[in-house]
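Coordinate inspection notes
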Amino acid sequence: MMTLIKHELKQGWKSLLIWTISIGFFIVICIFMYPEMEAEMKGVNKMFSSMGSFTAAFGMDQLNFGTLVGFYAVECGNILGLGGAFFASLLGIGALAKEEKEKTAEFLLTHPVSRVSIVTGKLAAVLLQILIMNIAVFLLSIISITAIGEDIPQNEICLLHFSYFLVQVELAGICFGISAFLKHGGLGIGLGLATVMYFLNIVANISDSAGFLKYITPFGYAEGADLITCMSLDIGKVLPGMGLAAAGILLAYWKYSQKDI
């Protein structure tokens, strides 16, 4: 199984590097913009506070955009949230489907390794790549905040990054389960799922009657405004999300073990 994990990491290192650099780059740029914008933030806060639904959609009605934490939660949080979701979804949706798409399943399945071991190895590689990306982006954020001379809000930053890591794990788990049913890849499915989940959270922020969507989309428990205000994850929203991820993973084991390849 370790051989399979190493092979998956070797195959995916370019994609991992590109996504890590891209997400990290935009977050670093945002952080370095903060000192230049700090003096104008009071005016920005007033402007956003009068924008009604738009303000609520991104949680800016609960955060002080003029502080580093508020600025980071909105700007950097959206970059890591959406970028990380795309990356995790693409990893999950391609993990099992690519063997049939690239016609390598016949070679893989002739080796003395069970299908359960194959699924386990691929799942471990997906989760490991997500972990590597998040650690790299987290370190870049800490270094950038230090470079601009600001105090590091450790608890808030750690909580924000951990919540988005959970979002990525959930989406990867769901897409991993879908991947077992695909034969020709599912790039659009992965990107579409991440996008729909992101906009469901926006709808839930705008409309009180759509609040139940917070329990469906993983972005519901990674809302920067709620995290900074409460300084804790809403377990009532996290558990259903992790349950969906677990269901997707179990579905992948079941389907791939009996799949006619």
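A brief structural summary. (Residues numbered from 1 in each chain as written. Predicted model: local features only at pLDDT ≥ 70, side-chain atom pairs only at ≥ 80, totals over all residues. Heavy atoms only, no water.)

Looking at the pattern of salt bridges
Any two side chains of opposite charge can pair, given that their charged atoms come close. Short version of the rule: Any Lys or Arg side-chain nitrogen located within 4 Å of an Asp or Glu carboxyl oxygen qualifies as a salt bridge. Secondary structure elements follow DSSP: runs of H or I of four or more residues count as helices, runs of E of two or more count as strands, with numbering from the N terminus. Relative accessibility thresholds used throughout: buried, under 20% of the residue-type maximum; exposed, over 50%; partly exposed, between the two (1.4 Å probe, protein chains only).
In total, this model carries 3 salt bridges according to the counting rule given. Here K122 makes a salt bridge to E8, at a shortest N to O gap of 2.8 Å. You can see K122 sitting in helix 7 (residues 115–147) and its partner E8 sitting in helix 1 (residues 2–38), a full 114 residues away along the chain. With respect to burial, K122 and E8 carry one shared label: buried.

Description of a nonpolar patch on the surface
Note the following rule: A patch consists of residues exposed above 30% relative accessible area that lack any salt bridge, with like charges linked at up to 9 Å and nonpolar side chains (Val, Leu, Ile, Met, Phe, Trp, Tyr) linked at up to 5 Å. Residue exposure ignores everything except the shown protein chains as possible cover, and the areas themselves are Shrake-Rupley values with a 1.4 Å probe.
Residues W13, L17, I21, F25, F26, I29 and M33 make up a contiguous nonpolar surface patch of about 700 Å² in total accessible area. Tracing the sequence through the fold places F25 in helix 1. On the basis of relative accessible area, F25 is assigned to the partly exposed category, the value being 47%.

Considering the packing of helix 4 (residues 68–95) against helix 8 (residues 154–179)
Helix packing for two helices is described by the angle between their axes and how far apart those axes are. Note the threshold: Here an angle of 0 to 180 degrees is reported between the N-to-C directions of two axes, which are lines fitted to C-alpha atoms, with helices fitted over the stretch in contact. For this classification, under 35 degrees means roughly parallel, over 145 means roughly antiparallel, 65 to 115 means roughly perpendicular, and everything else is oblique. In this scheme the crossing of two helices becomes right-handed for a clockwise turn of the near helix relative to the far one and left-handed for an anticlockwise turn of less than a right angle. Charged means Asp, Glu, Lys or Arg here, nonpolar means Ala, Val, Leu, Ile, Met, Phe, Trp, Tyr, Cys or Pro, and polar covers whatever is left, Gly included.
Relative to each other, helix 4 and helix 8 sit at 20 degrees, their axes nearing to 8 Å. Classified by the angle their axes make, helix 4 and helix 8 are roughly parallel. Read as a crossing pair, helix 4 and helix 8 show a hand that is right-handed. Split into classes, the residues belonging to the contact of helix 4 with helix 8 amount to 16 nonpolar, 10 polar and 1 charged.

Observations concerning the nonpolar core
As a reminder of what qualifies: Here, the term nonpolar core denotes a set of buried Ala, Val, Leu, Ile, Met, Phe, Trp, Tyr and Cys residues that are joined through side-chain atoms within 4.5 Å.
Judged by nonpolar contacts, the single largest core of 58 residues is most densely connected at I27 and Y72. In terms of residue count, the dominant contributor to this core is helix 4 (13 residues).

Looking at the side chain of K237
Worth spelling out the cut-off: Any pair of residues with heavy atoms lying within 4.5 Å of one another is described as a contacting pair.
Inspection of the secondary structure puts K237 in helix 11 (residues 235–258). In this structure K237 comes out as buried when scored by relative accessible area, which is 12%. Other than its neighbours up to four places away in sequence, K237 contacts K214, Y215, G220 and Y221.

Some remarks on unusual backbone geometry
With the exception of glycine, the majority of residues adopt a negative phi angle, and the majority of peptide bonds are in the trans configuration. One non-glycine residue with positive phi stands out, namely M231, at about 55 degrees. Looking at where M231 falls in the secondary structure, it is placed in the loop between helix 10 (224–230) and helix 11. Relative accessible area serves as the criterion here: at 34%, M231 is assigned to the partly exposed category.

Digging into the packing of aromatic side chains
Each aromatic ring pair is summarised here by two numbers: the centre-to-centre distance and the angle between the ring planes. Formally: Pairing of aromatic rings covers Phe, Tyr and Trp, the last through its six-membered ring, and needs centres within 6.5 Å; plane angles under 30 degrees mean stacked, over 60 mean edge-to-face, and all others mean tilted.
Per the stated rule, a full pass over the model turns up 5 aromatic pairs. Here the aromatic rings of W19 and F87 are separated by 6.0 Å at their centres, their planes lie at 40 degrees, and the arrangement is tilted. Of the two residues, W19 sits in helix 1 while F87 sits in helix 4, which places them 68 residues apart along the sequence. For F87, a relative accessible area of 1% gives the class buried. Judged by centre distance (5.3 Å) and plane angle (45 degrees), the ring pair of Y34 and F71 falls under tilted. In this pair, Y34 is assigned in helix 1 and F71 in helix 4, connecting sequence segments 37 residues apart. A relative accessible area of 2% means that Y34 is categorised as buried. For F71, a relative accessible area of 3% corresponds to the buried category. Ring pairs connect the aromatic residues Y198, F199 and F219, which therefore count as one cluster.

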